[in-house]
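# Remarks on the overall topology
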Amino acid sequence: MIYTMTLNPSIDYYVYVDQFQVGGLNRMTKDQKYPGGKGINVSRVLSRIGVPTKALGFVGGFTGQYIQDGLNNEGIETDFVKVEGDTRINIKLKTGEETEINGAGPAISKDKVHELLAKIEGMSNGDTLVLAGSIPSSLDAGLYRDIMRRCMDKGIRAVVDTSGQVMLELLRYRPFLAKPNQQELGEFFHVNIESLEDVLRYGRQLVDRGAQHVIVSMAGDGAMLITTEAAYVANVPQGKVINSVGAGDSLVAGFIGCYAVTGSIQEAFAYGVATGSATAFSSDLCKKEYIEELLPQIKLTQVGESAS
C-alpha cells in the first residue's frame, strides 16, 4: 500500500475574476474547489492511474469533512486524525496573475500527533509512505525525523518532498526517493543551479548523504534522476503549460505508482515525468489517458559517469 501524509491540508478554492478591483465589488466568473495539500495531490493522482493509496493527516471541522468526502468520492481511502478547529481554506485568486491567500491551519495537540504516529505501526514492510509539504509551525520541527525513524524500523519505503534544512536532515534515514526542484536544490547548498552539470553535482550530494534515488525537476528543461549507480535526464513532452500547481506531486505519484507495478526505476522515472507534464498541461490534476498519450515522447539520456 502507498500511504500519503499531509499534515496541513486545505480546501484549495479557485476564484476567477475578469477585472479585479481593490475596494470595489467583484463578481466571480466561476469558482472551483479541490482537496488540497501535496500528499493529497499524490493520492489523487495515484487513484487516477489505478494504484491503491490511503491518505493520512489531520482534518477538522466542516472543511475537513469536505476533504474527506471529496477523496472518498474519488475512491481514495482515508484514515485522517480528527482535530479541533477547521481545516484551512487557501484562496487562489485568478485575475490575470494569480494571487494566493493561504489560511492558517488548526492547532494540533500532542495526543493527536501520537494518534497519527500510531498509524505507522499498522503499516507493513514494503509499504510506501510519502511525506510531502512543510511541517506546520504549531508542530514539533522534528516530527518528520520521528516518522522516518519509525519507517526505517519497519522497512517502510519513505518518500520525502519537503524543503530547506528539514530535507537534508532526513537524508540520513535513507529515503527511497527525495524530490527537490531545481531552485530547492540550490537553496540546500546556497548556490545557483545554472546547468545540468550543477544539477548532477549537487543532486549527487543528496545521494551521498543517504537518498536512494533523487529526482530533480527542472521545469521546461525536464528532470534528472540520480541513483547510486547512474544518472538520467528526461525531456519534457510537447504541450502548453496551463497550471504548474501539483505538477511535482504528480511526478512523485507517477514514479512511485509505476515502480509499484513494474519494479523498474527507469520506467518509473519516464512515467513520472509524463505524469507531471500531464498535470502541467491540464487545468486540474492529470488523467491517465493523457499520461499515456505523452509517455511515448519521454526519452531518457544517461549523463555523467556510471558508478563503478
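Just so it is clear, the model here is predicted, and its values are computed rather than measured.

Once that is clear, we can look at the pattern of salt bridges. Close approach of charged atoms lets side chains of opposite charge pair. All chains considered together, the criterion is met by 13 salt bridges. Note that aspartate 31 and lysine 33 form a salt bridge whose closest N and O atoms lie 3.4 Å from each other. Take lysine 33: its relative accessible area is 42%, and that puts it in the partly exposed class. A salt bridge links arginine 145 to glutamate 169, with the shortest nitrogen-to-oxygen separation between them at 2.8 Å.

Another point: the packing of aromatic side chains. Counted under the stated rule, the structure contains four aromatic pairs. An angle of 75° between the planes, with centres 5.8 Å apart, marks the rings of tyrosine 14 and tyrosine 34 as edge-to-face. Of this pair, tyrosine 14 sits in strand β2 (residues 10–16) while tyrosine 34 sits in strand β3 (residues 30–36); the two residues are 20 residues apart in sequence, bridging distant segments of the chain. Given a relative accessible area of 16%, tyrosine 34 falls into the buried group. Measuring from centroid to centroid gives 5.3 Å for phenylalanine 189 and tyrosine 202, while their planes differ by 35°, and the two rings are tilted. Placement of the pair is phenylalanine 189 in helix α6 (residues 182–189) and tyrosine 202 in helix α7 (residues 196–208), with a sequence separation of 13 residues. Note on phenylalanine 189: relative accessible area 14%, which makes it buried. Aromatic ring contacts, followed pair by pair, group Phe176, Phe255 and Tyr259 into a single cluster. The lysine or arginine in question, lysine 30, covers the ring of tyrosine 16, its NZ or CZ lying 4.6 Å from the ring centre. A cation sits over an aromatic face here: arginine 157 above phenylalanine 176, 5.3 Å from the ring centre.

A word on the UniProt feature "domain: Carbohydrate kinase PfkB" (unreviewed entry) in the protein chain. As recorded in UniProt, the sites labelled "domain: Carbohydrate kinase PfkB" (unreviewed entry) are residues 6–283. End-to-end, the C-alpha atoms of residues 6–283 are 22 Å apart, and along that stretch the chain is 38% helix and 23% strand.

Calculation criteria
- Residues numbered from 1 in each chain as written.
- Predicted model: local features only at pLDDT ≥ 70, side-chain atom pairs only at ≥ 80, totals over all residues.
- Heavy atoms only, no water.
- Salt bridge = Lys/Arg side-chain N within 4 Å of Asp/Glu carboxyl O.
- Buried < 20%, exposed > 50% of the residue type's maximum accessible area, 1.4 Å probe, protein only.
- Phe/Tyr/Trp six-rings, centres within 6.5 Å; stacked < 30°, edge-to-face > 60°.
- Helix = DSSP H or I, 4+ residues; strand = E, 2+ residues; numbered from the N terminus.
- Lys NZ or Arg CZ within 6 Å of the ring centre and 35° of its normal.
- UniProt positions renumbered as here; feature names shortened; annotations may be inferred.

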